[in-house]
Amino acid sequence: MTDRPHLLLVEDERAIREALGEFLSRSGYRVSEVSDAAQAREALAGHAIDCVICDIMMPGEDGLSLTRHIRETSEIPVILLTARAEETDRIVGLEMGADDYVVKPFSPRELAARVKVILRRAGGNGGRRIAPDRQRYLFADWTLDAAERVLIDADGVRVALSTGEFRLLLALVTHPRQVLSRDQLLDLTQGREAAPFDRAIDNQISRLRKKVENDSRNPALIKTVWGGGYTFAGEVTKA
């Protein structure tokens, strides 16, 4: 048995995979290396994985789809690797539930440092870092069912939420009347360093307002605190 964190490295380019795997092993981690999403799913099913490092562009199922699967079935942290640096790609990665995003080419030292930060925030064990929330939160004419991860209106109609939107709304309703900075919201929703995704919080807030506010341009529930962040101004009760 070993107490070393177990990393799953998913990378189809053999040279990159082997070089990163060797460096991360020397950095004190157990590393399982696979070349595609199908092998990654098998590894996740058969091993206790603490963090997944996953390339986006792979033959067959890509890294974004695999990230979505991981987030639907566990709370294992995911770091995405990609050669594309556009902001929209970063936002899509966040929407799928990624915890961090590293653009190629990158330093192996940088990746190891990001893994260390994520595991520290996850308490050293990514797969069990967040206890499932089974509550129902009532506010205005809405019900947020945390167990089902759905938003329900006054008529019982379910409103679709992305993974990122659900986590952000849950963070807000569980901290009502508190001013939360973008960094705090990222910590609450992703458990990761904030810098690469700080603009994504604003985009998700905008989408949430369109879904829960009567007038998204004059929000009564999710309010902006200039220079501070956001606050959930509505009354929240638990069912």
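Preceding this section is the structure that the text describes.
Summarised in this report is the structure supplied together with it. (Residues numbered from 1 in each chain as written. Predicted model: local features only at pLDDT ≥ 70, side-chain atom pairs only at ≥ 80, totals over all residues. Heavy atoms only, no water.)

**A few points about helix α5 (residues 108–121)**
Here's step 1: Taking 1.5 Å per residue as the helical rise, α5 with its 14 residues ought to reach 20 Å, and the 20 Å between its terminal C-alpha atoms agrees with that figure.
Here's step 2: Every buried residue belonging to α5 is among L111, A112, R114, V115, V117, I118 and L119, and all of these are buried.
Here's step 3: Packing partners of the buried residues in α5 comprise β1 (6–10), α1 (14–26), β3 (51–55), β4 (78–82) and β5 (100–103).
Here's step 4: Its side-chain oxygen placed 3.1 Å from the backbone nitrogen of R109, S107 serves as the N-cap of α5. (Helix = DSSP H or I, 4+ residues; strand = E, 2+ residues; numbered from the N terminus. Expected span 1.5 Å × (residues − 1). Buried < 20%, exposed > 50% of the residue type's maximum accessible area, 1.4 Å probe, protein only. Contact = heavy atoms within 4.5 Å. Polar contact = N/O pair within 3.5 Å; in protein donor to acceptor, adjacent residues only side chain to side chain.)

**Observations concerning the sheet that holds strand β13 (residues 237–238)**
Here's step 1: Pairing within the open sheet is antiparallel, and its five strands lie in the order β9-β8-β7-β6-β13. The open sheet has two free edges, formed respectively by β9 (158–159) and β13, since each of these has just one partner strand.
Here's step 2: Judged from the two bridges that link them, strand β8 (residues 150–152) and β9 form a sheet pairing that is antiparallel. Within β9, the position partnered with L151 by the bridge is V159.
Here's step 3: Most of the contacts of helix α6 (residues 163–173) go to strand β7 (residues 142–145), to which it runs at about 110°, and overall it touches β6 (136–139), β7 and β8. (Pairing = 2+ DSSP bridges. Axes fitted to C-alpha atoms, helices over the stretch in contact; angles between N-to-C directions.)

**Quick word on the pairing of strand β11 (residues 222–225)**
Here's step 1: In this structure, β11 lies alongside strand β12 (residues 229–232), joined through four bridges in antiparallel fashion. For V225, the partnering residue across the bridge sits in β12 and is G229.
Here's step 2: The turn linking β11 back onto β12 is made up of three residues, and G227 within it adopts a positive phi angle of 80°.

**Some points on helix α3 (residues 63–73)**
Here's step 1: Burial in α3 covers these residues: G63, L64, L66, T67, I70 and R71. Seen end-on, α3 carries its buried residues on one side only, within an arc spanning 160°. Exposed residues pointing more than 90 degrees away from the buried face of α3 are listed as E72 and T73. (Arc of directions from axis to C-beta.)

**A few points about the sheet that holds β11**
Strands belonging to one sheet form pairs held by backbone hydrogen bonds; the direction of such a pair is parallel or antiparallel.
Here's step 1: Read from one edge to the other, the open sheet built from three strands follows the order β10-β12-β11, with strand pairing classed as antiparallel. The strands lining the two open edges of the sheet, one partner per strand, are β10 (179–180) and β11.
Here's step 2: Pairing of β10 with β12 involves two bridges; the strand directions are antiparallel. Bridging from a neighbouring strand, L180 pairs with Y230 of β12.
Here's step 3: Against the sheet, α6 contacts β10, β11 and β12, and its axis sits at roughly 65° relative to β12.

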